[in-house]
Amino acid sequence: MTDDLLITTCRILAEPDADLVDGPGFLLVRDGRIHALGPMADCPTGWTGTVVDGQGQLALPGLVNGHCHLPMTLFRGLADDLALADWLTNHIFPAEARHIDPETVYWGSRLAAAELLLAGVTCVADGYFLEDEAARACLDAGLRCVAAQGIIDFPAPGVPDPGRNIEAAAGFLDRWQDRNPLITPALFVHSPYTVANDTLREAKALARRRGVRLFVHAAETRDEINHIAAPLAHTPIGHLDALGVLDADTTCVHCVWADETDLDTLARRGAAVVSCPQSNAKLASGVAPLAAMLARGLRVGLGTDGAASNNSLDLFREMDLAARLQPMRGCDPKPVPARRMLDLATRGGAEAIGLDAGHGRLTKGAPADLILVDLEQPRLQPFHSPGQLVHAGSGADVRTVIVGGRLVVHERQLRTMDLDETLERVRSLAGRVGS
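Everything in this summary refers to the structure shown in the same document. Per-chain numbering applies: the sequence of each chain, read as written, is numbered from 1 onward. Per-residue local features of the predicted model are confined to residues with pLDDT of at least 70, and side-chain atom pairs are confined, for both listing and counting, to 80 or more; whole-chain, interface and lining totals are unaffected and use all residues. To obtain the side-chain values, all non-hydrogen atoms of the structure were included, while hydrogens and water were left out.

1. Quick look at a negative patch on the surface
Right, so step 1: The grouping of D418, D420, E421 and E424 at the surface amounts to a negative patch.
Right, so step 2: Helical segments are the DSSP runs of H or I of at least four residues, strand segments are the runs of E of at least two, and each set is numbered from the N terminus. With respect to the helices and strands, D418 occurs in the loop between β17 (413–414) and α14 (419–434). Exposure above 30% relative accessible area and the absence of a salt bridge qualify a residue for a patch, where like charges join within 9 Å and nonpolar side chains (Val, Leu, Ile, Met, Phe, Trp, Tyr) within 5 Å. Under the convention used here, a 1.4 Å probe and the Shrake-Rupley method define accessible areas, while residue burial counts only the protein chains that appear. When a carboxyl oxygen of Asp or Glu lies within 4 Å of a side-chain nitrogen of Lys or Arg, that pair is called a salt bridge. By the counting rule applied here, Lys and Arg register as positive and Asp and Glu as negative, while His and the ends of each chain are not counted. A charge is said to be at NZ when it belongs to Lys, at CZ for Arg, at CG for Asp and at CD for Glu.

So this is what it looks like as structure tokens:
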């Protein structure tokens, strides 16, 4: 379902590498795409569809969250202040084994979808188990999703026999490929230390046969290579390359400890990267070398990771922290300018997770995934440049969200779900987790 919309008197950030369009402008949305945009002097007259007043607001492409585990809103705050290995092995994996089922995945994902939409995210790349329910929650919420079925060589929710994990992943692709334009199915291999080498090869072979993207956690911690059962190289990235997993349809998540040789390998293979700065900082993993990645021409996006390791799904926070942390890796005070960070959260993220060309842009003919940000918030005044959104903006500043031409948030009100019902259901489910 799409809406015919005319957005008037807003400022427009049309191209990722351009500055603001001078003066107030308009955007016309038809059939799920941007039909026209420009100065108000060219605005159509006699419009009979829905009109959105953009006075005092900035129109920009919707944000793209390049990596998340949607159902893990259920575990938000459950195991804070721990390093990754302790957090994952002693707390999260046991909690998932006890509590993750179709009901918790659906409602946890529904809450995450609400949080993301209200913070200006129009597309998320999710990776989890029982991914059918996560995809269904995003579809119900009107959130675009690259939904990746999780693959791990341990008993997992929905796949108690790990010997059938590839079969289960293939079944997920069967159910979702070409089903709805909002949902793009994919595969998510948890990590090279939680699956055997053959599983990685088989997962990538399945992805290639079906023409879908493969996501994998990689080089998240300094000692990750020591946890790989049969390493084929000296680094996790080298290991993935030796397995033949890296190509233009592979997205490596985190890459905190990717060295210069690893980055050259990723660039040579055309693989993409998604960085999750808040999660990496919270779990004491480190700071990804974004400047070095971008210098090599890698496709790079930003993600929040799951709410259990962040604990927020606000991508504005990721942009801000990423921009502030990069100078700590060297002497250059501006290795990745704020304006470039905004690109990583829009066009860059869309490219990193394999969306079609046009996503992450406000141009004629592009998918109508866009947001309106309230520039009259005190923290955004005075507004000299788009970089201000990176250093001072917040998801709370987003007033309107349009996904695929559908008005899903307006005046900060979700129009696609009963938020109170969702909160009540999640609180009830969380009571079991905390007991």
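Here the narrative resumes.
2. A short note on helix α2 (residues 102–118)
Every α-helix winds through 3.6 residues per turn, so residues three or four apart in the chain are directed the same way.
Right, so step 1: Helix span, as expected, comes to 1.5 Å for every residue beyond the first. Compared with the 24 Å implied by 1.5 Å per residue over 17 residues, the 24 Å span of α2 between its first and last C-alpha is a close match.
Right, so step 2: Only protein chains enter the area calculation, which uses a 1.4 Å probe; residues under 20% of their type maximum are buried, those over 50% are exposed, and those in between are partly exposed. Here α2 lies mainly inside the structure; 14 of its 17 residues are buried.
Right, so step 3: Definition of a polar contact: a pair of N or O atoms within 3.5 Å, with one able to donate and the other able to accept a hydrogen when the atoms are protein atoms, and with sequence-neighbouring residues admitted only if both atoms are side-chain atoms. For α2, the N-terminal capping position is held by D101, with its side-chain oxygen 3.0 Å away from the main-chain nitrogen of E103.
Right, so step 4: Where α2 terminates, the next one or two residues include G120, which has phi positive at roughly 90°.

3. Some words on the packing of helix α4 (residues 165–176) against helix α5 (residues 197–210)
Right, so step 1: As a packed pair, α4 and α5 sit with axes 10 Å apart at the nearest point and diverge in direction by 20°. The angle between α4 and α5 falls in the class roughly parallel. Along this stretch, α4 crosses α5, giving a crossing that reads as right-handed. The residues of α5 that touch α4, namely those facing N165, I166, A169, A170, L173 and D174, are T199, E202, A203, L206 and R210.
Right, so step 2: For this classification, Asp, Glu, Lys and Arg are treated as charged, while Ala, Val, Leu, Ile, Met, Phe, Trp, Tyr, Cys and Pro are nonpolar and the rest, including Gly, are polar. A class-by-class count of the residues in the contact of α4 with α5 yields 6 nonpolar, 2 polar and 3 charged. Orientation is described by axes fitted as lines to C-alpha atoms, over the contacting stretch for helices, and by angles from 0 to 180 degrees between their N-to-C directions. Roughly parallel covers angles under 35 degrees, roughly antiparallel covers those over 145, roughly perpendicular covers 65 to 115, and oblique covers all other angles. Left-handed describes a crossing whose near helix is turned anticlockwise from the far helix by less than a right angle; the clockwise case is right-handed. We call two residues in contact whenever any of their non-hydrogen atoms come within 4.5 Å of each other.

4. Structural notes on the environment of N226
Right, so step 1: Looking at the secondary structure, you find N226 in the loop between β10 (214–218) and α6 (236–242).
Right, so step 2: Judged by its relative accessible area of 61%, N226 is exposed.
Right, so step 3: The spacing of N226 and T199 is 27 residues in sequence and 18 Å in space, taken between C-alpha atoms.

5. Some thoughts on the pattern of salt bridges
Right, so step 1: Going through the model one piece at a time under the given rule, you end up with 22 salt bridges.
Right, so step 2: D247 is the partner of K204 in a salt bridge, and the nearest nitrogen-oxygen pair spans 2.9 Å. Placement of the pair is K204 in helix α5 and D247 in the loop between α6 and β11 (250–254), with a sequence separation of 43 residues. Residue K204 shares its accessibility class with D247, and that shared class is buried.
Right, so step 3: For D264, the salt bridge goes to R296, with nearest N and O atoms at 2.7 Å.

6. A few points about the state of the cysteines
Right, so step 1: Here, a disulfide means two cysteine sulfur atoms that sit within 2.5 Å of each other. Tallied over the full model, the rule gives 0 disulfides.
Right, so step 2: Summary of cysteine pairing: C10 is not part of a disulfide, and the nearest cysteine sulfur, belonging to C43, is at 9.6 Å.
Right, so step 3: A disulfide-free cysteine, C138 has its sulfur positioned 3.9 Å from the sulfur of C145, the nearest such atom.
Right, so step 4: The buried category is assigned to C138, whose relative accessible area is 0%.

7. Thoughts on the sheet that holds strand β6 (residues 63–68)
Right, so step 1: What makes two strands pair is DSSP finding at least two bridges between them. The parallel open sheet is built from 8 strands, whose spatial order is β6-β7-β8-β9-β10-β11-β12-β13. Lying at the two open borders of the sheet, with one neighbouring strand each, are β6 and β13 (300–302). Across this sheet, the average inter-strand angle for adjacent strands is 25°, counted without regard to direction.
Right, so step 2: Sheet analysis places strand β8 (residues 144–151) next to strand β9 (residues 183–189), joined by 7 bridges and oriented parallel. What sits directly across from Q149, in β9, is L187.

8. Concerning the environment of T251
Right, so step 1: Tracing the chain through its elements places T251 in strand β11.
Right, so step 2: Judged by relative accessible area, which is 0%, T251 ranks as buried.
Right, so step 3: When the C-alpha atoms of T251 and I353 are compared, they prove to be 6.7 Å apart, with 102 residues separating the residues in sequence.

9. Regarding the side chain of N65
Right, so step 1: Within the secondary structure, N65 sits in strand β6.
Right, so step 2: The residues touching N65, leaving out its near neighbours within four places in the chain, are L116, V121, C123, V124, A125, L302, G303, T304 and L315.

10. Considering unusual backbone geometry
Right, so step 1: For the bond running from N310 to N311, omega is 15°, close enough to zero to count as cis.
Right, so step 2: P382 follows Q381 through a cis peptide bond whose omega is -10°.
Right, so step 3: Along the chain, P382 turns up in the loop between β14 (370–374) and α13 (387–392).
Right, so step 4: One non-glycine residue with positive phi stands out, namely A284, at about 60°.
Right, so step 5: Positive phi, normally seen in glycine, also occurs at E411, with a value near 50°.

11. Digging into the pairing of strand β3 (residues 33–39)
Right, so step 1: Bridge count between strand β2 (residues 25–30) and β3: 6 bridges; the pairing is antiparallel. Looking at the pairing, G25 lines up with P39 of β3.

12. Section: the side chain of D241
Right, so step 1: With respect to the helices, strands and loops of the structure, D241 is situated in helix α6.
Right, so step 2: Relative accessible area serves as the criterion here: at 17%, D241 is assigned to the buried category.
Right, so step 3: If we ignore the near neighbours within four places in the chain, the residues touching D241 are L246, T265, R268 and R269.

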